[in-house]
Amino acid sequence: MTGPLKSTPRATEATPMPRTTSAQTRFPQAPRPERGAGTGRHLSFGQPHLPWWAGWLVAAVSAAAAALLSLTLGWNIAGGAVVAVVLFAIALPTWSVLVESSRAAKDRLVTTLVWAAFAIALVPLVSLMYTVLANGLGVINGQFLTYSMRNVIGQGGGIYHAIIGTVLITLAATLISVPVGLLSAIYLVEYGVRNRTARTITFLVDVMTGIPSIVAGLFAYALFALFFGQGVRMGFGGAVALSLLMIPIVVRSCEEMLKLVPGDLREASYALGVPKWRTIVKVVLPTALPGIITGVTLAIARVIGETAPLLVIAGSTDSVNTNLFAERMMTLPVFIYYSFTQPGVPAQFGQDRAWGAALVLIVIVMALNLVARAIGRTFSPKTAR
Amino acid sequence: MAKSIDVSDLNIYYGDFLAVEGVTMTIPSRSVTALIGPSGCGKSTFLRSLNRMHEVIPGARVEGKIVIDGQDLYGSEVDPVEVRRQIGMVFQRPNPFPTMSIYDNVLAGSRLNSKRLPKDRADEIVERSLTSANLWVEVKDRLNKPGQGLSGGQQQRLCIARAIAVEPQVLLMDEPCSALDPISTSAIEDLIHELKSDYTIVIVTHNMQQAARVSEDTAFFNLAGAGKPGNLVEMNPTRKIFSNPEEKATEAYISGRFG
Ligand SMILES: Nc1ncnc2c1ncn2[C@@H]1O[C@H](COP(=O)(O)OP(=O)(O)O)[C@@H](O)[C@H]1O
Ligand SMILES: [Mg+2]
């Protein structure tokens, strides 16, 4: 009984509506035909349109023309691609302005430019990924990931010691930077609004952002040399140097994320008789959590490839060292640097290992990003719509 | 449980800017008091000073006395957090917590304060609060869904349920219906009628009919001109305010011959 009854109004509503509404929203000021005045003036909203394959046709023609041109003139593929894009960006809007309108032509021109810019931005990324994959993929195997370079000359060996070092040092740097950075951001956003201390901190954080990484390494070295004497090498020193680079990034991103939490929510919490610190811990931080996690991950990705400070303070070694507080510790960037600049004889094995380590480093950073996205999604505000 | 509020010579500042000047009034218990007046005359400011939410804004401060149950709200030994626990507030825009389910939103007052509640007690509070807020029937099958998935009117009733779940003595409402459709508005007005037997309610509204419908007393605020402080022009039983107000300005405002 209820089924057909229910469906009738919906059906009558659905059929004629879309056309009228879309026409009205697209032309809100369109003159309505008046009663009595309709003496033959025909209203037309339609416009001539290029066929859907117009873009493909122009693309094919410009590509062919560019290919011909670069073959006869002996250009390489990059030159040909540039010519093809330029031809396309001229031809399609010209055709469009002849058939369609000047507005449609501008739209096509700008669309072409935006896509071209996107492609240009993609070129270095794709090229880099290709080079690293091509050079590094062949090196990676079980031994490469689970062996250190201890007593290895020539072929064989692996980067286990460097992976361990990078993971430990970055983890320690994160453990230092996140509390410091997050608490500073909380102070700046929740407590220090417009006061002098907050402005000073913001200024110092900006200055810190600009510290060259080698200077951070030298600072950590000088600091630890005070306690442990000249020539100190220690993984923890590397973590301190990296956290110097990480803290300003963490402060900045956490600050932005905390500012995005609506003041309404804080007031709602206060109005329930919740003290400020609980409001921050239970309302503001959970709401901002996905953004904070993303910010921290980006900060990690930014410092995990740092080489200079680790060269200075963490040093270089061929063996596994899991103690952050004593002795030299190898890290992936430093491993890459030494394998590439001092590959030994014959040079090929060392350089291959450098590419393999580079690939592993990139994979680690990507994995971090994916993990952060997953965490961010699980914790993000539960909006149904 | 409900208490009346005595306000005397209240001046409210934002930094150096005097926003509301010299308010003296008595808000009776177990009844609804409406605050009306043109925009910017300080209704929200006054309302927020009643539960010490005003001072949340940096530089904001209050002079004068607000006495509830023999205690000065602004006395030096008074803890503003405790005041807000006793005097609840509903805001103009519905603001449920986005990280919480409907269930947890209702319990936010105790959840955020880390009070442990046995499960059956928590269930009981949720059902009672949502029922008083006229929302129980609509949401009882999706209590674990996010509160932000509700419609605007439902969200506002959820916020009311959240405010009454902590059993405050006084409920302050700042234009609670201004973002809502007529049906949700009427649901909330019904709710106010039911709540006034237990709570002292103060409601800011721009809608004269609403003030006339829901309130026992009405206070008319006005301001002498732009940049001047707002002040209380007249407070009287709603029936009197809307039939023969004492002040010319009140009559002008109510009859729409204003500005
Ligand atoms: N956060 C604030 N900082 C400074 N001045 C404010 C703030 N909020 C409101 N005011 C000022 O206080 C006066 C009263 O505002 P408000 O209480 O919001 O009026 P109403 O609610 O009656 O429309 C206005 O002049 C307004 O500009
Ligand atoms: Mg207001």
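Reading guide: rules and limits
- Residues numbered from 1 in each chain as written.
- Chains lettered and ligands numbered in written order.
- Predicted model: local features only at pLDDT ≥ 70, side-chain atom pairs only at ≥ 80, totals over all residues.
- Heavy atoms only, no water.
- Salt bridge = Lys/Arg side-chain N within 4 Å of Asp/Glu carboxyl O.
- Helix = DSSP H or I, 4+ residues; strand = E, 2+ residues; numbered from the N terminus.
- Buried < 20%, exposed > 50% of the residue type's maximum accessible area, 1.4 Å probe, protein only.
- Expected span 1.5 Å × (residues − 1).
- Bend = angle between axes of the 7 residues up to and from the residue.
- Contact = heavy atoms within 4.5 Å.
- 1 Å grid on protein atoms, 1.4 Å probe; cavity = no way out; pocket = protein on both sides within 12 Å on 5 of 7 lines; lining within 4 Å.
- Points joined across faces, edges and corners; volume = space filled by probe spheres on them.
- Nonpolar A, V, L, I, M, F, W, Y, C, P; charged D, E, K, R; others polar.
- Axes fitted to C-alpha atoms, helices over the stretch in contact; angles between N-to-C directions.
- Parallel < 35°, antiparallel > 145°, perpendicular 65-115°, else oblique.
- Left-handed = near helix turned anticlockwise from the far one by under 90°.
- pLDDT = per-residue confidence, 0-100.
- Near = heavy atom within 4 Å.
- Polar contact = N/O pair within 3.5 Å; in protein donor to acceptor, adjacent residues only side chain to side chain.
- Areas by Shrake-Rupley, 256 points an atom, 1.4 Å probe, with all protein chains shown as cover.
- Buried area = accessible area lost by both parts, 1.4 Å probe.

Draft legend 1. A look at the pattern of salt bridges. Residues and elements named next belong to chain B. One pass over the full model with this rule turns up 17 salt bridges over all chains. For Arg85, the salt bridge is made with Glu82, and the minimal N-O distance between the two is 3.4 Å. Here Arg85 pairs with Glu82, and both are found in helix α2 (residues 80-86), just 3 residues apart, close to one helical turn. Here Arg121 ties to Glu124 by a salt bridge, and the two come within 3.8 Å at their closest N and O atoms. Highlighted residues: Arg121 and Glu124, both in helix α5 (residues 119-132), separated by 3 residues, approximately one helical turn. When its relative accessible area of 35% is taken as the criterion, Arg121 is described as partly exposed. Looking at Glu124, the relative accessible area reads 43%, which means it is partly exposed.

Draft legend 2. Just helix α5 (residues 102-136) of chain A, in detail. Residue and element names in this part refer to chain A. Here α5 spans 51 Å end to end across 35 residues, near enough to the 51 Å set by a 1.5 Å rise per residue. Along α5, the helix axis deviates most sharply at Leu122, where the bend reaches about 30°; the proline Pro124 sits within four residues downstream. Three or more residues of α5 are buried, namely Ala105, Thr112, Ala116, Val132 and Gly136. In the core, the buried residues of α5 are packed alongside α4 (77-99) and α15 (347-379).

Draft legend 3. Looking closely at the layout of surface pockets. By volume, the largest pocket amounts to about 480 Å³. Glu190, Arg266, Tyr270 and Lys276 of chain A together with Val56 of chain B are, among the 19 residues lining the largest pocket, the residues nearest its centre. Looking at the lining of the largest pocket, the elements with two or more residues in it are α7 (160-191), α10 (235-260) and α11 (263-271) of chain A together with α2 of chain B. Sort the elements by how many residues they give to the lining of the largest pocket and α11 of chain A lands first, with 4 residues. Class assignment for the residues of the lining of the largest pocket results in 12 nonpolar, 1 polar and 6 charged.

Draft legend 4. Just the packing of helix α3 (residues 54-73) of chain A against α4 of chain A, in detail. All names here are of chain A. At a minimum axis distance of 8 Å, the contact between α3 and α4 shows a crossing angle of 140°. Classed by the angle they form, the pair α3 and α4 counts as oblique. Taken as a pair, α3 and α4 cross one another with a handedness that is right-handed. Here Ala54, Gly55, Leu57, Val58, Ala59, Ser62, Ala63, Ala65, Ala66, Leu69 and Ser70 of α3 lie close against α4, whose contacting residues are Gly80, Val83, Ala84, Leu87, Phe88, Ala91, Leu92 and Trp95. Class assignment for the residues of the contact of α3 with α4 results in 15 nonpolar, 4 polar and no charged.

Draft legend 5. Representation of the confidence of the model for chain A. A residue-level look at chain A finds 88% of positions with pLDDT of 70 or above and a mean pLDDT of 86. Low pLDDT, under 50, characterises residues 1-28 of chain A; the stretch is placed with 2 contacts to residues that sit more than four places away or in other chains.

Draft legend 6. Region of interest: α7 of chain A. In a regular helix each residue adds 1.5 Å, so 32 residues correspond to 46 Å; α7 of chain A covers 45 Å between its end C-alpha atoms and thus fits that length. Of all the bends in α7 of chain A, the greatest, near 25°, is centred on Ser177 of chain A, and the proline Pro179 of chain A appears no more than four residues after it.

Draft legend 7. Quick peek at the site of ligand 1. Residues and elements named next belong to chain B. The environment of ligand 1 is formed by Tyr14, Phe17, Ala19, Pro38, Ser39, Gly40, Cys41, Gly42, Lys43, Ser44, Thr45 and Ile57. Contact distances for ligand 1 include 2.4 Å between an oxygen atom and a side-chain N or O atom of Thr45. Burial of ligand 1 by the surrounding chains reaches 62%, relative to a free accessible area of 560 Å². Secondary structure elements with two or more residues in the shell around ligand 1: β2 (17-27) and α1 (43-49). Take the shell around ligand 1: its biggest share by element is 3 residues, from α1. Taken together, the residues of the shell around ligand 1 sort by class into 6 nonpolar, 5 polar and 1 charged.

Draft legend 8. Quick look at the interface of chain A and chain B. Between chain A and chain B, the residue contacts involve 22 residues of the former and 31 residues of the latter. Together, the buried faces of chain A and chain B total about 2,300 Å²; carbon and sulfur atoms form 61% of this surface. Counting across the chain A and chain B interface gives 2 salt bridges. The partner of Arg93 of chain B in a salt bridge is Asp264 of chain A, with the nearest N and O atoms 3.2 Å apart. Run the count over chain A and chain B and you get 8 residue pairs in polar contact (both at pLDDT 80 or more). Listed by contribution, the elements that provide at least two residues to the side of chain A that touches chain B are α11 and α12 (276-304) of chain A. Residue contributions to the side of chain A that touches chain B peak at 7 residues, all from α11 of chain A. Considered class by class, the residues forming the side of chain A that touches chain B number 11 nonpolar, 4 polar and 7 charged.

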